[in-house]
Amino acid sequence: MPPNFEKLAIGDLIDGPTFAVSRESIRLFCDGSLDYNPLHLDDDYMKNSFGKTNFGGIIMHGMTNFGLITRMITDWAYPAGAVHRRLETRWVKPVKPGDTIQPVGIIKAKQGTERSRWVLIDVLVRNQNDEKVATGEAMVEFPSLV
C-alpha cells in the first residue's frame, strides 16, 4: 500500500532491501561506474596503511550505499506519486565482501506548502552486526492536493 502523506507520522520507518556484498558485486560496480580504484580491487594494495587507517582488504564503493538508499526511497515514494528530490549521505564505516547491508529510513519531519507537500527522512545503512555504515538525509515531494 502506498504511503499516504496525511497518515505519515514522525518516527515512521521505511525498510529497504538487504544486499549481500561480494567481490563480484564490487567488481560489477567498478564496471558500471568505470571506477577501478585499487581500493575496490587490489587486496595487496589495501593491506597498506592509509594514514591511521588500515582496511585489511578491499572495500565496497560508498556509492553502493547511495544506490540502495535511493532504491528504498523510490520504491516507497513512487507508488504514491511522490518524487525523491534530495539525498545527502556520509560514509561512516567501510563495507567489505561478506557483509550484508540494509538501508532504513525514519520520517523526521513533514510540511505542506501552498504548492507541495514535503517529507524529510533520516536515512542510514547498517551491516549484519547492526553497525551504521552510512547516514544521511533524504527529501521526498508528494503531489499537492490542488
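Since this is a predicted model, take the numbers as computed values, not measurements. (Residues numbered from 1 in each chain as written. Predicted model: local features only at pLDDT ≥ 70, side-chain atom pairs only at ≥ 80, totals over all residues. Heavy atoms only, no water.)

Student: For this particular structure, what's the right way to read the environment of Phe142?
Tutor: Mapped onto the elements, Phe142 comes out in strand 6 (residues 132–142). Those residues in contact with Phe142 that sit more than four places away from it in its chain are Pro3, Phe5, Leu8, Trp76, Ala80, Ala82, Ser116, Arg117 and Val119. (Helix = DSSP H or I, 4+ residues; strand = E, 2+ residues; numbered from the N terminus. Contact = heavy atoms within 4.5 Å.)

Student: Would you explain the nonpolar core in this entry?
Tutor: Trp76 and Ile121 are the most contacted members of the largest nonpolar core, which totals 30 residues. If one sorts the elements of this core by residue count, helix 3 (residues 62–77) sits on top with six residues. Residues in contact with Trp76, not counting those within four places in the same chain, are Pro3, Leu8, Ile14, Ile107, Val119, Ile121, Val140 and Phe142. (Core = buried A, V, L, I, M, F, W, Y, C linked by side-chain atoms within 4.5 Å. Buried < 20%, exposed > 50% of the residue type's maximum accessible area, 1.4 Å probe, protein only.)

Student: Would you mind showing me how to read the side chain of His40 here?
Tutor: Considering the arrangement of structural elements, one finds His40 in the loop between helix 1 (23–33) and helix 2 (43–46). At a separation of 2.8 Å, a polar atom in the side chain of His40 contacts the main-chain carbonyl oxygen of Ile59. Not counting chain neighbours up to four residues away, the residues in contact with His40 comprise Ile26, Cys30, Asp35, Ile58, Ile59, Met60 and His61. (Polar contact = N/O pair within 3.5 Å; in protein donor to acceptor, adjacent residues only side chain to side chain.)

Student: Honestly, unusual backbone geometry in this entry has me stumped. Any pointers?
Tutor: Glycine aside, negative phi is the norm for most residues, and most peptide bonds take the trans geometry. Within the chain, Leu34 stands out as a residue other than glycine whose phi angle is a positive 60 degrees. Residue position: Leu34 is located in the loop between helix 1 and helix 2. Given the relative accessible area of 66%, Leu34 is considered exposed. Even without being a glycine, Asp130 presents a positive backbone phi close to 65 degrees. The residue Asp130 is located in the loop between strand 5 (117–127) and strand 6 in this model.

Student: Honestly, the packing of aromatic side chains in this entry has me stumped. Any pointers?
Tutor: To describe a pair of aromatic rings, you give the distance between the ring centres and the angle between the ring planes. Overall, the coordinates contain two aromatic pairs when judged by the stated rule. A ring pair is formed by Trp76 and Phe142, whose centres lie 5.8 Å apart and whose planes are at 80 degrees; its orientation type is edge-to-face. In this pair, Trp76 sits in helix 3 while Phe142 sits in strand 6, placing the two residues 66 residues apart along the sequence. Neither Trp76 nor Phe142 differs from the other in exposure class; each is buried. Members of the aromatic cluster, each reached through a chain of ring pairs, are Phe5, Trp76 and Phe142. (Phe/Tyr/Trp six-rings, centres within 6.5 Å; stacked < 30°, edge-to-face > 60°.)

Student: Would you take a moment to explain the pairing of strand 5 for this structure?
Tutor: The side chains of a regular strand alternate between both faces of the sheet. For strand 5, a buried count of eight out of eleven residues is recorded, marking the element as mostly surrounded by other parts of the structure. Across eleven bridges, the pairing between strand 4 (residues 100–112) and strand 5 is antiparallel. Bridging across to strand 5, Gly112 finds its partner in Arg117. Here strand 4 folds back onto strand 5, and the loop between the two strands holds four residues. Two elements, strand 5 and strand 6, share ten bridges in a ladder whose sense is antiparallel. Directly across from Leu124, in strand 6, lies its bridge partner Thr135. Where strand 5 folds back onto strand 6 in an antiparallel hairpin, the turn is made up of four residues, including Asp130, whose phi is positive at roughly 65 degrees. (Pairing = 2+ DSSP bridges.)

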